[in-house]
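Overview (structure and organization)
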Amino acid sequence: MKYVSTRGRAPVLPFDDVLLAGLAVDGGLYVPEAWPTLDTARLRSLAGRSYVEVATEVVWPFVEGALDRDLLASLLADAYATFDVPEVCPLVDLGGGTWLLELFHGPTLAFKDVALQVVGRLFDHVLAERGERRTILVATSGDTGSAAIEACRGREALDIVVLFPAGRISEVQRRQMTTVPDANVHCLAVDGTFDDCQALVKACFADAALRATAGLSAMNSINWGRVVPQAAYYVTAALAVGAPDRPVAFAVPSGNFGNVLAGDVARRLGLPMERLVVGTNRNDTLARFLTTGVLERREVHATTSPAMDVSVPSNLERLLFELLGRDAAALDDLMARFSAAGRVEVPPAVLEAVRTGFDATRVDDDEVAETMAATLERSGVVVDPHTAVGLAAARRCRPDDGPVVALSTAAPSKFPDAVEAATGVRPPLPARLADLLHRPERATPVPAELAAVRAVLESPRP
Ligand SMILES: *Cc1c(COP(=O)(O)O)cnc(C)c1O
């Protein structure tokens, strides 16, 4: 499989180069040159197979040519052995045709582990083959940092440097990063905000000399390697509730559009999908775009679902590329107008195509709290605020018949305050994290200055 940039001015690359590159050199995002397909007979043959077997089948056409199939299968088996349950992404019946797909049984209790546990191993394998090392540089407002650290810890070909805003993330979030003892993990407690952290990371990547000497790479949500493994759970869940013989709807709580995009990939592969329902919190750029065709940047507000507090969803560009008939010049023009004006509108025919494929709605914090309480009362299940956004969206956009699978993206114990306020129940951390608050921490305090981060990146690693 070869990959092309959505902006059409970057070299065509195989999967391993796309993985290491992240963003294309023309500022675009890499997408497959052509979509592979899994026909109905093949899909049917996957019903009842293990999660790793299905994931191997789904991921394989996207990595073919870059690694061999046995290696992919063992890498996926190794990645998902870190999960707390053998099903990896189990389904829970909420009643009334609604199912919860639990994506949070990985090391850091959020769905990003499903992709990052694979991506860390892919990076390590590709770099080892090339005899190279890289430093993964990440800015985090809380959750991405720990998922990236768990993906990279102890990997021979990788270091990871994570910048977090000191004093502005929860103690559990901080400790999930700072208590990891591996020597290749470096946490920087930045005296500043998350925006400062992000600006510092951007400045490091923009500095070509630093980028080269420190061997910087990104594992952020636009990395194609993160999208592909996520398509697998759409397939396992749909098969479990009756696909391919009946269409299934999915509801997805969304921020950067990576998770929904993976659902769209599963649909392009041939998975019959009734609807893809997108839920956003108050930061509703995505919901507004999918319902009106207007893409407009707005200020970000803090909500009870912080992992979805996103102003412009970075993966949307991949969908826009498809909607514009893969016309890279048209997309380039659209993105240039958007970056100049902060607002752009797609033609009516494109909006029509969007509305055929997606439903979208915005769910505010009060409805999130009501949904958490109602889900506990009706189904006896405690869900986190992100999951509640998806459930509320599913309820509002519910198709007339057929099952709905709502994606559960974080364990309730990851957001205990919001869950307790809504339901009266304070969910405990799993036993393996019970002593988290007593483990020794390790972080380097730095001012919010490029020179300080550069000094860390340029110093020799132990
Ligand atoms: C990252 C995240 C999301 C949003 O996923 P996107 O792929 O960015 O749309 C939703 N819920 C949780 C818990 C997350 O960590």
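Notes on the structure in this doc start here.

**Some thoughts on helix α5 (residues 112-130)**
Spanning 19 residues, α5 covers 27 Å between terminal C-alpha atoms, matching the ideal 27 Å at 1.5 Å per step. Of all 19 residues making up α5, 16 are buried, and the element is well covered by its neighbours. Glycine 131 lies just past α5 and shows a positive phi near 65°.

**A few points about the packing of aromatic side chains**
Here the structure, examined in full by the defined rule, presents 10 aromatic pairs. Relative to phenylalanine 15, the ring of tyrosine 3 has its centre 6.3 Å away and its plane inclined at 55°; by these criteria the two rings are tilted. Of this pair, tyrosine 3 sits in strand β1 (residues 2-5) while phenylalanine 15 sits in helix α1 (residues 15-21), placing them 12 residues apart in sequence. Summarising the aromatic geometry, the rings of tryptophan 35 and phenylalanine 62 are spaced 6.3 Å apart at their centres and angled 75° between planes, so their arrangement reads as edge-to-face. Residue tryptophan 35 is located in the loop between β3 (30-32) and α2 (40-46), and its partner phenylalanine 62 is located in helix α3 (residues 51-63); the two are separated by 27 residues in the primary sequence. For tryptophan 35, a relative accessible area of 23% corresponds to the partly exposed category. Feature note: the residues Tyr3, Phe15, Trp35, Phe62 and Trp224 constitute an aromatic cluster, connected by ring pairs.

**Looking at the layout of surface pockets**
There is about 240 Å³ of room inside the second largest pocket. Contributions of two or more residues to the lining of the second largest pocket are made by α3 and α10 (224-240). Here the element with the most residues in the lining of the second largest pocket is α10; it accounts for 4 residues. Here the residues of the lining of the second largest pocket are counted per class, giving 11 nonpolar, 3 polar and 2 charged.

**What to know about the site of the ligand**
Close to the ligand lie 14 residues, the nearest being Lys112, Gly255, Asn256, Asn259 and Thr409. Residue asparagine 259 places a main-chain N or O atom 2.9 Å away from an oxygen atom belonging to the ligand. Burial of the ligand by the surrounding chains reaches 97%, relative to a free accessible area of 380 Å². Counted by class, the shell around the ligand contains 6 nonpolar, 7 polar and 1 charged residues.

**Considerations on the sheet that holds strand β5 (residues 98-102)**
Reading across the sheet, the 6 strands line up as β4-β5-β15-β10-β11-β14 and stay open at both edges, with mixed pairing between neighbours. In this open sheet, the two strands that pair with only one neighbour each are β4 (91-95) and β14 (358-362). With strand direction ignored, the average angle separating the axes of adjacent strands in the sheet is 25°. As defined by bridge partners, strand β11 (residues 273-280) adjoins β14 across 5 bridges and the pair is classed as parallel. Of the residues in β14, the one forming a bridge with glycine 279 is threonine 361. Along the sheet face, helix α12 (residues 285-292) touches β11 and β14 and points at about 135° away from the line of β14.

**Regarding the sheet that holds strand β16 (residues 444-447)**
The sheet built from 5 strands is open, its strands ordered β9-β6-β7-β8-β16 with parallel pairing. Each edge of the open sheet carries a strand with a single partner, namely β9 (216-217) and β16. With 6 bridges connecting them, strand β6 (residues 134-139) and strand β7 (residues 158-165) associate as parallel partners. Across the sheet, residue valine 138 finds its bridge partner in β7, namely valine 162. Packed on one face of the sheet, helix α6 (residues 143-152) meets β6, β7 and β8 (185-191) and runs near 165° to β7.

**Here we look at the pattern of salt bridges**
Two side chains that carry opposite charge are able to pair once their charged atoms sit near each other. Throughout the structure, instances matching the rule amount to 36 salt bridges. Two residues, aspartate 332 and arginine 9, come together in a salt bridge whose shortest N-O distance is 2.6 Å. Of this pair, aspartate 332 sits in helix α14 (residues 328-341) while arginine 9 sits in the loop between β1 and β2 (13-14), placing them 323 residues apart in sequence. Overall, the relative accessible area of 52% leaves arginine 9 in the exposed class. We note a salt bridge from aspartate 284 to arginine 362, for which the minimum N-O separation is 3.3 Å. Remark: arginine 362 occurs in strand β14 and aspartate 284 occurs in the loop between β11 and α12; sequence separation between them is 78 residues. The class for arginine 362 is partly exposed, based on a relative accessible area of 33%. Here the salt bridges share partners, and the residues they tie into one network are Asp284, Arg288, Glu296, Arg298, Arg362 and Asp364.

**Concerning the nonpolar core**
For soluble globular proteins, nonpolar side chains are generally found buried alongside one another. Membership of the largest hydrophobic core comes to 114 residues, with the highest contact counts inside it found for Trp224, Tyr233, Tyr234 and Phe250. Examining the composition of this core, we find that 11 residues originate from one element, α10, more than from any other. Sequence-distant contacts of phenylalanine 250, defined by excluding residues within four places in its chain, comprise Tyr234, Ala237, Ala238, Met273, Arg275, Leu276, Val277, Val405 and Leu407.

What counts, and at which threshold
Residues numbered from 1 in each chain as written. Predicted model: local features only at pLDDT ≥ 70, side-chain atom pairs only at ≥ 80, totals over all residues. Heavy atoms only, no water. Helix = DSSP H or I, 4+ residues; strand = E, 2+ residues; numbered from the N terminus. Expected span 1.5 Å × (residues − 1). Buried < 20%, exposed > 50% of the residue type's maximum accessible area, 1.4 Å probe, protein only. Phe/Tyr/Trp six-rings, centres within 6.5 Å; stacked < 30°, edge-to-face > 60°. 1 Å grid on protein atoms, 1.4 Å probe; cavity = no way out; pocket = protein on both sides within 12 Å on 5 of 7 lines; lining within 4 Å. Points joined across faces, edges and corners; volume = space filled by probe spheres on them. Nonpolar A, V, L, I, M, F, W, Y, C, P; charged D, E, K, R; others polar. Near = heavy atom within 4 Å. Polar contact = N/O pair within 3.5 Å; in protein donor to acceptor, adjacent residues only side chain to side chain. Areas by Shrake-Rupley, 256 points an atom, 1.4 Å probe, with all protein chains shown as cover. Pairing = 2+ DSSP bridges. Axes fitted to C-alpha atoms, helices over the stretch in contact; angles between N-to-C directions. Contact = heavy atoms within 4.5 Å. Salt bridge = Lys/Arg side-chain N within 4 Å of Asp/Glu carboxyl O. Core = buried A, V, L, I, M, F, W, Y, C linked by side-chain atoms within 4.5 Å.

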